[in-house]
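Descriptive structure summary
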Number of protein chains: 4
Amino acid sequence: MTDPATMNTAPPPLRFAILGAGRMGVEHGHALIGLPDAQVVAVADPVEAAAQTVARLTRAARTYADPLDAIHDPDVEAVIIVTPTSTHAALIEAAALAGKAIFCEKPVAADLAETERVMRIVQERGVPFQIGFNRRYDAPYIQARERIDAGEVGVIEQFSATGRDPAPPPLEYLKISGGVFLDQAIHDLDIARFLVGEVTEVTAVGSVNVDPAIGEIGDVDTTTALLRFENGAQGVVQNSRRAVYGYDVRTEVFGSGGKLVMDATPKTALLRYGEGVGMDHYHFFMDRFRDAYRAEIAAFVLALREGRAPTPGAHDAVESLRLALACTRSLKEGRPVRVQDVQATP
Amino acid sequence: MTDPATMNTAPPPLRFAILGAGRMGVEHGHALIGLPDAQVVAVADPVEAAAQTVARLTRAARTYADPLDAIHDPDVEAVIIVTPTSTHAALIEAAALAGKAIFCEKPVAADLAETERVMRIVQERGVPFQIGFNRRYDAPYIQARERIDAGEVGVIEQFSATGRDPAPPPLEYLKISGGVFLDQAIHDLDIARFLVGEVTEVTAVGSVNVDPAIGEIGDVDTTTALLRFENGAQGVVQNSRRAVYGYDVRTEVFGSGGKLVMDATPKTALLRYGEGVGMDHYHFFMDRFRDAYRAEIAAFVLALREGRAPTPGAHDAVESLRLALACTRSLKEGRPVRVQDVQATP
Amino acid sequence: MTDPATMNTAPPPLRFAILGAGRMGVEHGHALIGLPDAQVVAVADPVEAAAQTVARLTRAARTYADPLDAIHDPDVEAVIIVTPTSTHAALIEAAALAGKAIFCEKPVAADLAETERVMRIVQERGVPFQIGFNRRYDAPYIQARERIDAGEVGVIEQFSATGRDPAPPPLEYLKISGGVFLDQAIHDLDIARFLVGEVTEVTAVGSVNVDPAIGEIGDVDTTTALLRFENGAQGVVQNSRRAVYGYDVRTEVFGSGGKLVMDATPKTALLRYGEGVGMDHYHFFMDRFRDAYRAEIAAFVLALREGRAPTPGAHDAVESLRLALACTRSLKEGRPVRVQDVQATP
Amino acid sequence: MTDPATMNTAPPPLRFAILGAGRMGVEHGHALIGLPDAQVVAVADPVEAAAQTVARLTRAARTYADPLDAIHDPDVEAVIIVTPTSTHAALIEAAALAGKAIFCEKPVAADLAETERVMRIVQERGVPFQIGFNRRYDAPYIQARERIDAGEVGVIEQFSATGRDPAPPPLEYLKISGGVFLDQAIHDLDIARFLVGEVTEVTAVGSVNVDPAIGEIGDVDTTTALLRFENGAQGVVQNSRRAVYGYDVRTEVFGSGGKLVMDATPKTALLRYGEGVGMDHYHFFMDRFRDAYRAEIAAFVLALREGRAPTPGAHDAVESLRLALACTRSLKEGRPVRVQDVQATP
């Protein structure tokens with residue numbers, strides 16, 4: 001099956017640096033080491049031990065304290081940015097200017113003007129760019145998209161998404177997160193765009209149920225948004241920062257030809273019959289979406305290898321942010337907001 | 001186990017008239033004949049053959065062409081009103097004035113003033129009254145309510161309901177139905193009130209996807225409503241007049257203590273493994289809610305027998321209508337509507 | 001739809017007597033009163049209060065202490081025999097000799113010779129006869145049979161059935177039950193014959209796990225049987241007298257074209273998310289198979305009305321018993337037993 | 001979190017050779033490269049291109065044509081044997097004599113005497129040995145075992161397993177496979193031992209349904225076995241070489257405290273509502289048990305690292321084979337066979 005001649009001429013693997021050695025650095029390190037077409041040559045993190053852990057996992061030769069040093073390492077062709085959110089924009093900019101391919105966790109920035117500015121640089125420099133909306137690479141969502149494209153659902157008329165986390169992140173994180181729509185709901189909003197299309201108007205409500213401290217920093221933890229899509233479809237998105245039963249992501253697309261439901265029950269193939277019937281539920285996004293994290297990195301590497309633009313890219317980064325900002329504004333102002341009215345204020 | 005003495009003193013069954021011998025007349029006839037505490041003594045329908053069919057099913061001795069004759073039959077203690085919607089108010093009024101217990105299919109009337117007027121008569125006369133919101137007697141909804149009351153869900157924070165019919169009713173029916181919120185969504189809105197509480201504000205959108213003729217009569221066939229509850233919870237309700245896969249009713253209640261989901265898949269306990277795995281879906285409300293129809297009539301009879309007020313009653317008839325009218329107004333005016341602003345205009 | 005002329009000439013309902021006013025008398029009384037084509041004219045039970053309860057439910061005019069009196073009541077056309085098992089054969093015989101149509105709960109008798117003798121009388125007299133294998137009228141089993149007949153499963157190659165009760169019946173009952181294969185497993189064995197075909201050889205094992213007293217009366221409470229079918233298919237049947245989670249019936253048919261699984265989870269459409277995900281399980285055969293009990297009686301009445309032989313009939317009563325006896329013999333003798341070797345010993 | 005000092009003293013990874021670069025070589029290569037504690041230093045396969053593919057995947061420095069050369073490579077501490085079955089015994093023997101830790105796909109050999117001989121060498125040399133019964137590392141099976149150990153199922157009384165492949169392997173493979181019990185059913189038999197305990201007696205039947213050529217080589221493709229366990233439990237195992245709907249593995253453990261079911265429906269979290277409700281089924285053992293393959297290798301590496309004996313080991317290799325041979329003998333001789341009567345014939 002494999003031709004030795006082909007083997008001998010197999011191109012050398014793409015050389016990556018992983019910027020950030022936290023949980024997502026480990027996760028994406030796992031993804032890269034499983035790909036023969038990728039080689040991690042450097043890991044950057046101010047915490048040396050963390051950098052070394054990921055370097056050991058990925059068999060990377062070098063570690064850096066400063067991600068900029070990794071970006072400017074001439075041996076590095078592509079970077080995986082999983083540093084704190086506030087550094088994303090600057091690192092993307094540096095990597096783009098250095099001509100490196102870029103994978104970055106969402107968001108680029110909490111600010112639309114800054115996001116648009118940096119995405120413009122990426123596009124001007126022509127460097128490949130992928131934003132980390134991992135659900136687009138989760139098997140049921142991929143299949144849903146394929147079936148929608150194949151016409152199985154007919155004309156899409158209604159969309160519904162639920163996204164609930166087991167518990168809110170630390171308050172320090174929430175303070176700089178841009179709010180629940182930018183930080184959490186944006187995944188559901190991106191899936192709405194992925195499966196249905198662009199949204200024209202949103203009406204959002206929100207309240208504080210989980211922790212009064214969240215209200216004190218001007219955020220909410222429980223939200224519902226009503227969406228109107230460009231193609232006429234109607235949508236709803238419900239989010240909460242706390243579900244005692246675990247991590248809860250459900251999406252439904254309804255149309256003239258049928259319905260697709262992406263849910264996550266049960267977690268494993270074990271049913272327990274005792275007092276009624278019981279099964280496990282997903283506890284966290286990592287156990288629910290692990291395969292999707294692997295797949296999005298594999299897709300990024302494959303796109304680089306084949307010279308195609310990776311997806312989702314700069315446009316999706318900007319438009320999902322705009323949609324999340326529209327929800328935020330609707331919540332604040334207590335009225336429907338047209339998405340196109342959300343513009344960067346230079 | 002059964003004491004003959006008790007048997008001998010068993011009270012005679014309650015004597016019912018069924019007004020209307022259409023599909024629901026047959027359905028409620030089935031329910032009554034299964035109850036030893038009930039006896040159908042009369043069936044009224046202008047179509048003699050239909051009346052006779054239900055009379056044969058229920059072993060009723062008499063048929064009437066005019067429901068008023070059945071109401072005034074001195075042998076009749078209680079009436080089941082399943083005539084065309086436009087006649088409900090007048091028949092309720094007549095039955096109340098005649099001192100008969102009343103079960104009536106929803107709605108009392110499409111008009112709030114008329115509904116309030118008739119409900120006032122019912123209350124003034126002190127006759128037992130139950131409105132046909134059958135889902136309140138469906139096993140999973142009953143259990144959900146019990147678990148909510150027991151505190152299992154904690155503080156309710158989010159509500160979500162989907163209601164889709166396999167196909168729209170005839171256009172002639174739709175013309176007098178009062179619109180999709182009054183005719184279809186009202187079941188989901190009533191369940192919202194049943195499980196969560198009163199709604200203070202609604203924002204509704206709607207569109208015509210199923211049949212342009214529905215638009216021509218000023219109605220819509222696909223709707224989404226955003227609800228704000230008095231207790232702070234958020235809700236969404238999505239409805240459609242056409243689901244190619246059948247009858248689709250799903251309800252979710254989320255709170256600080258967990259989540260309850262009432263869904264309906266699969267219809268039967270048969271899984272088919274061939275090209276993937278397949279199972280049947282409910283085709284119509286009759287096969288999905290048959291047990292609930294039986295249970296609501298049984299509950300009505302039991303309440304009469306025990307001298308308790310049946311439920312849901314006059315208040316629920318009025319408030320669910322008000323809520324549906326608020327959705328209708330929000331759709332028409334393109335803005336959030338406070339439910340309490342919907343008042344009868346005398 | 002209904003033609004008054006037809007209505008007026010509708011044949012009078014068939015006149016039934018219910019023999020036995022225990023749990024199954026109530027159950028079948030419910031079924032009959034729901035059928036316009038049936039009229040219960042008499043109920044027989046030595047316990048007068050019980051007879052009166054069923055008479056009140058079915059609006060029957062007369063009660064008898066002695067079932068033979070009901071059989072010989074000239075107004076009675078058909079009998080439902082739900083008396084204690086030990087009386088079945090004599091009552092069937094009396095009813096057959098009196099020319100009455102007969103529905104009888106299984107079994108006819110625990111003895112093959114007696115069963116064959118009585119079935120012969122039924123057939124000689126030409127009275128309609130149906131034996132109460134209710135699962136054959138459960139929706140998923142009916143659909144399974146239709147799909148098998150339609151060729152969806154292809155050539156059937158493997159069969160698997162599980163039948164578990166929540167708790168054993170009283171010891172007094174077990175003593176006269178004929179043993180677990182005749183009393184409990186016979187339902188699964190009948191379904192094996194219904195869905196796959198005749199069985200040629202069985203190998204059965206059994207043990208006492210639930211209650212030592214069951215062993216002391218020479219019975220077992222936990223059994224597994226290996227079946228070989230005439231058409232080459234292989235089968236297994238597992239039974240237990242006690243499942244702490246409730247009533248557990250699962251059947252699987254596997255063939256060259258796919259697989260059909262009839263299971264019963266969850267009981268209701270309510271999923272509870274808290275500590276994992278939970279749902280209810282069926283507690284007893286009554287809540288699992290209620291619809292099947294109604295359907296088998298409806299089918300009996302319809303067959304009588306249309307002049308067709310009801311099913312399952314005398315042949316199924318005999319052959320299922322022979323199969324159960326083969327399992328019993330295999331268990332006792334610790335070796336495979338050919339079903340045709342089980343013959344009545346006159 | 002990570003202490004640099006710890007990092008610096010992290011032990012060097014264990015050095016592996018992968019013997020065999022077919023499908024399972026790739027699979028286990030993926031597992032090893034994801035483990036920081038493992039390093040693949042050599043890959044052996046007579047097909048150079050295949051060896052290079054796995055070497056590239058695992059970043060291994062060397063390839064060998066002859067697995068013995070890899071075994072004797074002084075840099076190699078442990079070997080993963082995924083060569084053709086007929087070579088397993090010899091390679092295990094060589095590796096044991098060379099003092100290398102051994103992971104080997106099942107079976108050691110199709111012959112009991114040869115298996116016992118080689119396992120004896122492994123134990124005499126004291127080298128760590130793990131046999132590739134991957135299902136023991138599948139999450140639901142692990143959890144089932146934990147719950148059984150915790151007493152949740154109480155006393156185990158019944159066991160049931162189904163194992164069906166989508167299609168039979170090539171005839172050339174079947175000829176040397178040792179028959180369906182040794183090649184396919186052995187996984188279910190091993191799980192029976194894993195979850196319930198040792199089996200004392202088996203009664204097996206088999207037939208040819210899938211391909212007459214399978215019969216011509218003296219094998220069968222559809223089997224059912226009745227098991228009696230040492231602890232009194234009863235069991236059944238059904239296998240087929242062909243299921244048109246895919247890969248079908250289901251296991252049920254029933255006891256005095258409840259029931260555990262390990263099934264695999266649906267494959268993904270996508271439900272499709274159209275003509276009924278549809279979902280995907282697993283197509284092959286690779287997509288069903290991928291995580292288990294990763295987990296068994298991770299467990300092997302961890303056991304080596306921690307100096308514990310890996311599991312399942314030599315005893316399980318021998319006893320599962322003995323059980324499969326007992327089934328084979330029962331099928332051939334048409335009678336129950338005591339497992340202890342199956343002994344190596346020197």
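Small disclaimer: the values here were computed from a predicted structure and weren't measured. (Residues numbered from 1 in each chain as written. Chains lettered and ligands numbered in written order. Predicted model: local features only at pLDDT ≥ 70, side-chain atom pairs only at ≥ 80, totals over all residues. Heavy atoms only, no water.)

What to know about the overall build of chain A
Each helix and strand counted, chain A has twelve helices and 15 strands in total. Taken over the C-alpha trace, chain A has a radius of gyration of 21 Å; the compact-globule value for 346 residues is 20 Å, and the two agree within 12%. Taking the principal axes of the C-alpha coordinates as reference, chain A spans close to 55 × 55 × 40 Å. Of all intrachain contacts in chain A linking residues separated by at least 6 positions in sequence, the fraction that spans at least 24 positions is 70%. Accessible surface computed for chain A: about 12400 Å², of which carbon and sulfur atoms make up 53%. (Helix = DSSP H or I, 4+ residues; strand = E, 2+ residues; numbered from the N terminus. Rg over C-alpha atoms; globule rule 2.2 N^0.38 Å. Contact = heavy atoms within 4.5 Å. Areas by Shrake-Rupley, 256 points an atom, 1.4 Å probe, with all protein chains shown as cover.)

Considerations on the UniProt feature "domain: Gfo/Idh/MocA-like oxidoreductase N-terminal" (unreviewed entry) in chain A
In the UniProt entry, the feature "domain: Gfo/Idh/MocA-like oxidoreductase N-terminal" (unreviewed entry) is given for residues 14–133 of chain A. The straight-line gap between the two end C-alpha atoms of residues 14–133 of chain A is 22 Å; of that span, 43% is helix and 22% is strand. (UniProt positions renumbered as here; feature names shortened; annotations may be inferred.)

Some points on the packing of helix α7 (residues 139–149) of chain A against helix α9 (residues 180–195) of chain A
Axes are the key here: two packed helices are described by the angle between their axes and the distance separating the axes. Residues and elements named next belong to chain A. For the pair α7 and α9, interaxial distance at closest approach is 10 Å and the crossing angle is 30°. In terms of orientation, α7 lies roughly parallel with respect to α9. In this structure, α7 uses Tyr141, Ala144, Arg145 and Ile148 to contact α9, whose residues at the interface are Ile191, Phe194 and Leu195. The residue inventory of the contact of α7 with α9, partitioned by class, reads six nonpolar, no polar and one charged. (Axes fitted to C-alpha atoms, helices over the stretch in contact; angles between N-to-C directions. Parallel < 35°, antiparallel > 145°, perpendicular 65-115°, else oblique. Nonpolar A, V, L, I, M, F, W, Y, C, P; charged D, E, K, R; others polar.)

Remarks on the relation of the copies chain D and chain A
Between the two copies, chain D and chain A, the superposition gives an RMSD of 0.0 Å; the rotation angle is 180° and the shift along the axis is 0.0 Å. In short, the pair behaves as if placed about a two-fold rotation axis. (Least-squares fit on C-alpha atoms with pLDDT ≥ 70 in both.)

With respect to the interface of chain D and chain B
Listed per partner, the contact involves ten residues of chain D and ten residues of chain B. When the buried surface of chain D facing chain B is broken down by residue, Tyr273, Val277 and Met279 of chain D rank first, second and third, together holding 50% of it. Along the contact surface separating chain D from chain B lie zero salt bridges. Seen at the junction of chain D and chain B, the total is two residue pairs in polar contact (both at pLDDT 80 or more). When contributions to the side of chain D that touches chain B are tallied by element, the ones reaching two or more residues are β13 (270–274) and β14 (276–279) of chain D. Broken down by element, the residue count for the side of chain D that touches chain B peaks at four residues, all from β14 of chain D. By residue class, the composition of the side of chain D that touches chain B is five nonpolar, five polar and no charged. In the sheet, strand β14 (residues 276–279) of chain B pairs with β14 of chain D via three bridges, with the strands oriented antiparallel. Bridged to glycine 278 of chain B within β14 of chain D is glycine 278 of chain D. (Buried area = accessible area lost by both parts, 1.4 Å probe. Salt bridge = Lys/Arg side-chain N within 4 Å of Asp/Glu carboxyl O. Polar contact = N/O pair within 3.5 Å; in protein donor to acceptor, adjacent residues only side chain to side chain. Pairing = 2+ DSSP bridges.)

Re the packing of aromatic side chains
Inspection of the entire model under this criterion finds 36 aromatic pairs over all chains. Taken together, a centroid distance of 6.2 Å and an interplanar angle of 65° make the contact between phenylalanine 285 of chain C and tyrosine 293 of chain C edge-to-face. For the pair phenylalanine 285 of chain C and tyrosine 293 of chain C, a shared accessibility class is recorded, and that class is buried. The structure contains a cluster of three or more aromatic residues connected by ring pairs, namely Tyr247, Phe284, Phe285, Phe289 and Tyr293 of chain A. Directly above the ring of tyrosine 282 of chain D sits arginine 288 of chain D, whose terminal nitrogen or CZ lies 5.8 Å from the centroid. (Phe/Tyr/Trp six-rings, centres within 6.5 Å; stacked < 30°, edge-to-face > 60°. Buried < 20%, exposed > 50% of the residue type's maximum accessible area, 1.4 Å probe, protein only. Lys NZ or Arg CZ within 6 Å of the ring centre and 35° of its normal.)

Looking at the pairing of strand β12 (residues 258–262) of chain B
With five of five residues buried, β12 of chain B is to be regarded as a mostly interior element. Where burial is concerned, the two faces of β12 of chain B agree: the one with Gly258, Leu260 and Met262 of chain B and the one with Lys259 and Val261 of chain B are both buried. Here strand β11 (residues 248–255) of chain B folds back onto β12 of chain B, and the loop between the two strands holds two residues. Pairing geometry for β12 of chain B and strand β13 (residues 270–274) of chain C, over four bridges, is antiparallel. Paired with leucine 260 of chain B across the strands is arginine 272 of chain C, a residue of β13 of chain C.

Here we look at the UniProt feature "domain: GFO/IDH/MocA-like oxidoreductase" (unreviewed entry) in chain A
The UniProt record annotates "domain: GFO/IDH/MocA-like oxidoreductase" (unreviewed entry) at residues 141–260 of chain A. When the span residues 141–260 of chain A is considered, its composition is 29% helix and 37% strand, and the gap between its end C-alpha atoms is 10 Å.

Notes on the environment of valine 54 of chain C
Here valine 54 of chain C shows up in helix α3 (residues 48–58). Sequence separation between valine 54 of chain C and arginine 23 of chain C is 31 residues; the distance between their C-alpha atoms is 9.8 Å.

Looking at the domain arrangement of chain A
Residue and element names in this part refer to chain A. In terms of domain boundaries, chain A breaks down into domain 1 (4–134) and domain 2 (135–341). Just the C-alpha atoms count here: the centres of domain 1 and domain 2 sit 25 Å apart. Every contact between the two is made by 38 residues of domain 1 and, on the other side, 38 residues of domain 2. Overall, the association of domain 1 and domain 2 removes approximately 3300 Å² of surface from exposure, summing both partners, and the carbon and sulfur fraction of that is 67%. Per-residue buried area on domain 1 facing domain 2 is highest for Gln130, Phe133 and Asn134; these three make up 26% of the total on that side. (Domains from an automatic or database assignment.)

A few points about the sheet that holds strand β2 (residues 38–44) of chain A
All names here are of chain A. Taken in spatial order, the six strands make up an open sheet running β3-β2-β1-β4-β5-β6, and their pairing is parallel. Edge positions in the open sheet fall to β3 (62–64) and β6 (129–131), since each of these has one partner strand only. Here the strands of the sheet are splayed against their neighbours by 20° on average, with no regard to which way each runs. As judged from the six bridges shared by strand β1 (residues 14–19) and β2, these two strands associate in the parallel manner. When the sheet's bridge partners are listed, arginine 15 is paired in β2 with glutamine 39.

Digging into the confidence of the model for chain A
Parts of the prediction with low pLDDT should not have their coordinates interpreted in detail. With 97% of its residues at a pLDDT of at least 70, chain A reaches an overall mean of 95. Taken as a whole, residues 1–8 of chain A scores under 50 in pLDDT and shows nine contacts with residues more than four places along the chain or in a different chain. (pLDDT = per-residue confidence, 0-100.)

A look at the environment of valine 47 of chain C
Tracing the backbone through its elements, the reader meets valine 47 of chain C in the loop between β2 (38–44) and α3. The exposure class of valine 47 of chain C is partly exposed, given its relative accessible area of 47%.

Considerations on the pattern of salt bridges
If you walk through the whole model with that rule in mind, you get 140 salt bridges over all chains. Between aspartate 190 of chain A and arginine 193 of chain A there is a salt bridge, and its shortest N-O distance comes to 3.6 Å. Remark: arginine 193 of chain A and aspartate 190 of chain A occur in helix α9; sequence separation between them is three residues, near one turn of the helix. Note on accessibility: aspartate 190 of chain A and arginine 193 of chain A belong to one class, buried. Note that glutamate 114 of chain C is salt-bridged to arginine 117 of chain C, the shortest N-O span being 3.2 Å. Taken together, the residues span about one helical turn, with glutamate 114 of chain C and arginine 117 of chain C both in helix α6 (residues 112–125) at a distance of three residues.

As for the environment of glycine 99 of chain C
Mapped onto the elements of the fold, glycine 99 of chain C is located in the loop between α5 (88–97) and β5 (101–104). Sequence separation between glycine 99 of chain C and threonine 162 of chain C is 63 residues, and the spatial gap between their C-alpha atoms is 38 Å.

A word on helix α6 (residues 112–125) of chain B
Residue and element names in this part refer to chain B. Taking 1.5 Å per residue as the helical rise, α6 with its 14 residues ought to reach 20 Å, and the 20 Å between its terminal C-alpha atoms agrees with that figure. Within α6 the residues assigned to the buried category are Leu112, Thr115, Val118, Met119, Ile121 and Val122. On its buried face, α6 is in contact with α5 (88–97), β5 (101–104), β6 (129–131) and α12 (314–333). Between the side-chain oxygen of the N-cap and the backbone nitrogen of alanine 113 there are 3.2 Å, and the N-cap of α6 in question is aspartate 111. (Expected span 1.5 Å × (residues − 1).)

Some words on the relation of the copies chain D and chain B
When chain D is fitted to chain B, the best match, at an RMSD of 0.0 Å, comes from turning it 180° and sliding it 0.0 Å along the axis. By residue overlap, the copies meet face to face through one surface: 100% of the interface positions of chain D are interface positions in chain B.

Concerning the interface of chain D and chain A
Counting residues at the interface gives 46 residues for chain D, matched by 46 residues for chain A. Approximately 3400 Å² of surface area, both sides summed, lies buried where chain D meets chain A, with 54% of it carried by carbon and sulfur atoms. Applying the counting rule to chain D against chain A returns two salt bridges. The residue arginine 56 of chain A makes a salt bridge to aspartate 37 of chain D at a minimum N-O spacing of 3.2 Å. For the pair chain D and chain A, the interface holds 17 residue pairs in polar contact (both at pLDDT 80 or more). Contributions of two or more residues to the side of chain D that touches chain A are made by α1 (4–8), α2 (23–33), α3 (48–58), α7 (139–149), β12 (258–262), β13 and α11 (285–306) of chain D.

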